[in-house]
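Given next are the chains, with one letter for each unit.
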Amino acid sequence: MPPVVLIAEELSPATVEALGPDFDIRHCNGADRAELLTAIGDADALLVRSATKVDAEALAAAKRLKVVARAGVGLDNVDVRAATQAGVMVVNAPTSNIVSAAELAVALMLAAARHVSPAHAALKAGEWKRSRYTGIELYEKTVGIVGLGRIGVLVAQRLSAFGMRVIAYDPYVQAGRAAQMGVRLVDLDTLLAEADFMSVHLPKTPETLGLIGVEQLAKVKPSLVLVNAARGGIVDEPALYAALKEGRVAGAGLDVFTSEPCTDSPLFELENVVATPHLGASTDEAQEKAGIAVARSVRLALAGELVPDAVNVQGGVIAEDVRPGIPLSEKLGRVFTGLAGEVAQQVDVEVRGEITDYDVKVLELAALKGIFADIVEEQVSYVNAPLLAAERGMAVRLVIDPESPDHRNLITIRGTLADGSQVSVSGTLVGIGQRERLVELNGYAVDIEPTEHLAFLTYADRPGMVGTVGGILGEAGINIAGMQVSRDAKGGRALVALSVDSVIPADVLADLHHAMDADSVRAVDLV
């Protein structure tokens, strides 16, 4: 019997297409409480947008539910804590609407700057008021971006193209990263004082609620145009109304409100306010992206896999800063097994650095998935990997240390084999692009990208070995993409770490072993 996927709201046709033919797809009206509670009883997955309330009552009625998927960014209508307690995965589509939201913020800014809304209303009423609605240009003005996350960055990029000077406030972004984007990072008071335009792009949290209030609006230029297309409540609406009414703020563009739906606000009475009914994600493209993204997530979840867009797993939330480490940890696990050549008796997954401020349990699961990926016949998932370890008598421990002397963050898999010997592999993520690097193998320092085809050779350090490796691989038609040599001491033991463009056949590995009189030759294919 195929798993039941219940779609509780209207989603794009591409969503159903992305789910594929493997499920019993059913539909209900999630806004109708009685209908939802009846239909959810035998559902394995539930797909919603914003109108369906997924609370403890709904979760209790769902006897088989494994995943709730929200086709959008926000999760205000899903009780994540209750889902976690019920063992239900919650996923969303965090990047589906970022372009749409950024474009709307720019649209609101332009509309407020040029009085588009009142001029349009006047013209429709038969009035031609060109002089009344004289606006201002964005060119060579200063825009302050409050929150330099995904959407804030997109807005900054677009407004830079308008010839604006871009400053930003975000205590969780490094000045160097902002500078690479041509953005000057400042404190909030500086932004308030310097900005001609301001655009808010923060999540709604206890810390950000009312962040732009009476005190902050008293510090801005009277010519300021303020845009909030993020979350209602970040800008104090009564304080903004007073500032606009008294001429202490020139204009505002609003897409979000403290309480929604909002159809009756004093702000709507003001000509210098342009407002839209939370349209940030309301484009055909965003809805299609969201539907396709959560459909893929549902497929992964029902297959027992960890979902990259899951907001909870194994009882904890996956932080944004942790997610890039998941695929790296899995690759480190596969390299570890390739080096070990057997199942270790004891494995420590060590996580060091700033990332330990968050719950990193998921990195242990990813490492185990990688460790077993190439040594068992069954499909290894984040769900069954701990069971595979237990069945093989492998003791697994997660070691967390906030100190990381050489790298901002470092993930190490260290294991003890049956003969008492140890195997270790370490990796990190570098740069704005969070590029994966292997930085340690069995105590040897390296710096190599974990590409699809890798090889590691240990031998007695002596002249000519690099040439030997190149000659044998060249004769076999195998191109070397990267090579590093590391050694414990001059004339001691050495390691060659290789990334190559194709699989190294067993006979070529044997030739390398013989020609180098190597201690070990290991190939790892991450495909």
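Report on the accompanying structure. (Residues numbered from 1 in each chain as written. Predicted model: local features only at pLDDT ≥ 70, side-chain atom pairs only at ≥ 80, totals over all residues. Heavy atoms only, no water.)

## Comments concerning the pattern of salt bridges
Worth spelling out the cut-off: The term salt bridge refers to a pairing of a side-chain nitrogen on Lys or Arg with a carboxyl oxygen on Asp or Glu at a separation within 4 Å. Helix and strand labels come from DSSP, where a helix needs a run of H or I of at least four residues and a strand needs a run of E of at least two; each type is numbered from the N terminus.
Under the counting rule described, the total for this entry stands at 29 salt bridges. Close ionic contact of Arg33 with Asp55 constitutes a salt bridge, the shortest N to O distance being 2.5 Å. Residue Arg33 is located in helix 2 (residues 33-39), and its partner Asp55 is located in the loop between strand 3 (45-48) and helix 3 (56-61); the two are separated by 22 residues in the primary sequence. Where salt bridges share partners, they join Glu350, Arg352, Asp401 and Arg414 into one cluster.

## Observations concerning the environment of Gly338
Definition in use: In what follows, a contact means two residues having at least one pair of non-hydrogen atoms within 4.5 Å.
Here Gly338 is to be found in helix 13 (residues 325-340). Sequence separation of Gly338 and Lys245 is 93 residues, and the distance between their C-alpha atoms is 69 Å. Ignoring any residue separated from it by four or fewer positions in sequence, one finds Gly338 in contact with Arg522 and Val524.

## Quick notes on helix 12 (residues 284-302)
Short version of the rule: Take the residue count of a helix, subtract one, and multiply by 1.5 Å to get its expected span. When a residue's accessible area, from a 1.4 Å probe over protein chains only, is under 20% of the maximum for its type it is buried; when over 50% it is exposed; and in between it is partly exposed. Arc definition: directions from the helix axis to the C-beta atoms.
Spanning 19 residues, helix 12 covers 27 Å between terminal C-alpha atoms, matching the ideal 27 Å at 1.5 Å per step. Considered for burial, the residues of helix 12 that qualify are Ala286, Ala290, Gly291, Val294, Ala295, Ser297, Val298 and Ala301. Down the axis, helix 12 shows its buried residues gathered within 165° of arc, on one side only. Across from the buried face of helix 12, at angles greater than 90 degrees, the exposed residues are Asp284, Glu285 and Arg296. Where the residues of helix 12 are buried, they touch strand 1 (4-7), helix 1 (13-19), strand 3, strand 4 (67-70), strand 5 (89-91) and helix 5 (98-113). Once helix 12 finishes, Gly304 follows within two positions and takes phi at roughly 85°, a positive value.

## Quick look at the sheet that holds strand 1
The condition that has to hold: At least two DSSP bridges between two strands are needed for those strands to be called paired. For helices, the fitted axis covers only the stretch in contact; all axes are lines through C-alpha atoms, and the angles between them, taken along N-to-C directions, range from 0 to 180 degrees.
The sheet built from five strands is open, its strands ordered 2-1-3-4-5 with parallel pairing. Whereas interior strands pair on both sides, the edge strands pair on one side only; in this sheet they are strand 2 (24-27) and strand 5. Strand-to-strand twist across the sheet, computed as the mean angle between neighbouring axes with direction ignored, equals 20°. In this structure, strand 1 lies alongside strand 2, joined through four bridges in parallel fashion. Bridging across to strand 2, Leu6 finds its partner in Arg26. Across the sheet, helix 12 touches strand 1, strand 3, strand 4 and strand 5, and the angle it forms with strand 4 is around 170°.

## Here we look at a negative patch on the surface
Here is the rule we go by: Put simply, a patch holds well-exposed residues, over 30% relative accessible area, that have no salt bridge, with like charges counted together within 9 Å and Val, Leu, Ile, Met, Phe, Trp or Tyr side chains within 5 Å. Note on areas: these come from Shrake-Rupley sampling with a 1.4 Å probe, and a residue is covered only by the protein chains present in the view. Counting rule applied: Lys, Arg positive; Asp, Glu negative; His and chain ends not counted. Just so you know, the charge point we use is NZ for Lys, CZ for Arg, CG for Asp and CD for Glu.
There is a patch of like negative charges on the surface, built from Glu17, Glu103, Asp284, Glu285 and Glu288. At three residues, helix 12 tops the list of elements feeding residues into the negative patch.

## Observations concerning the side chain of Glu237
Heads up, the rule is: Counting of polar contacts relies on pairs of N or O atoms within 3.5 Å, with two restrictions inside protein: one atom must be capable of donating a hydrogen and the other of accepting it, and residues adjacent in sequence are counted only when both atoms are side-chain atoms.
Examined against the element boundaries, Glu237 turns out to sit in helix 11 (residues 237-245). Since its relative accessible area comes to 17%, Glu237 is described here as buried. Reaching out from Glu237, the side chain makes a polar contact with the backbone nitrogen of Thr258 at a distance of 2.6 Å. Residue contacts for Glu237: discarding those within four places in its chain leaves Val256, Phe257, Thr258 and Leu267.

## Observations regarding the packing of helix 13 against helix 14 (residues 361-373)
Condition: Each crossing gets its hand from how the near helix is turned against the far one by less than a right angle, where anticlockwise is left-handed and clockwise is right-handed. Just so you know the grouping, Ala, Val, Leu, Ile, Met, Phe, Trp, Tyr, Cys and Pro go in nonpolar, Asp, Glu, Lys and Arg go in charged, and all remaining residues, Gly too, go in polar.
The contact between helix 13 and helix 14 brings their axes to 7 Å, and the two run at 35°. Helix-helix and strand crossings are classified by hand; for helix 13 and helix 14 the assignment is right-handed. Contacts between helix 13 and helix 14 involve Gly325, Ile326, Ser329, Glu330, Gly333, Arg334, Phe336 and Thr337 on the former and, on the latter, Val362, Leu363, Ala366, Ala367, Lys369, Gly370, Ile371 and Ala373. Of the residues in the contact of helix 13 with helix 14, the class split is eight nonpolar, five polar and three charged.

## Describing the pairing of strand 6 (residues 142-146)
Formally: Looking down the strands as they point away from the viewer, one classifies a crossover as right-handed if the path from the first strand across the helix to the second runs clockwise.
Counted residue by residue, strand 6 has five buried out of five residues, so it is predominantly covered. Of the two faces of strand 6, the one holding Thr142, Gly144 and Val146 and the one holding Val143 and Ile145 are both buried throughout. Across five bridges, strand 6 lies against strand 7 (residues 165-169) in parallel orientation. Each bridged residue has a counterpart across the sheet, and for Val143 the counterpart in strand 7 is Val166. Between strand 6 and its parallel partner strand 7, the chain crosses via helix 7 (residues 150-160), and the hand of that crossover is right-handed. Examined bridge by bridge, strand 6 and strand 9 (residues 197-200) share four bridges and lie parallel to one another. Among the inter-strand pairings, Gly144 is bridged to a residue of strand 9, identified as Met198.

## Observations concerning the packing of aromatic side chains
Applicable threshold: By convention, a stacked pair of Phe, Tyr or Trp rings (six-membered ring in the case of Trp) has centres within 6.5 Å and planes under 30 degrees apart, an edge-to-face pair has planes over 60 apart, and any other such pair is tilted.
Across all of its chains, the model carries one aromatic pair by this definition. Ring geometry for Phe257 and Phe268: centres 5.5 Å apart, planes at 90°, overall edge-to-face. Taken together, the residues Phe257 in the loop between strand 11 (251-254) and strand 12 (273-275) and Phe268 in the loop between strand 11 and strand 12 connect sequence positions 11 residues apart. Overall, the relative accessible area of 4% leaves Phe257 in the buried class. When its relative accessible area of 35% is taken as the criterion, Phe268 is described as partly exposed.

## A word on the packing of helix 16 (residues 465-475) against helix 17 (residues 506-516)
Defined as follows: Oblique is the label for any angle not covered by the other classes, which are roughly parallel (under 35 degrees), roughly antiparallel (over 145) and roughly perpendicular (65 to 115).
Where helix 16 meets helix 17, the closest approach of the two axes is 10 Å, and the angle between their N-to-C directions is 155°. In terms of orientation, helix 16 lies roughly antiparallel with respect to helix 17. Both helix 16 and helix 17 take part in a crossing whose hand is right-handed. Residue-level inspection shows Met465, Thr468, Val469, Ile472 and Leu473 of helix 16 in contact with helix 17, the latter providing Val508, Asp511, Leu512, Ala515 and Met516.

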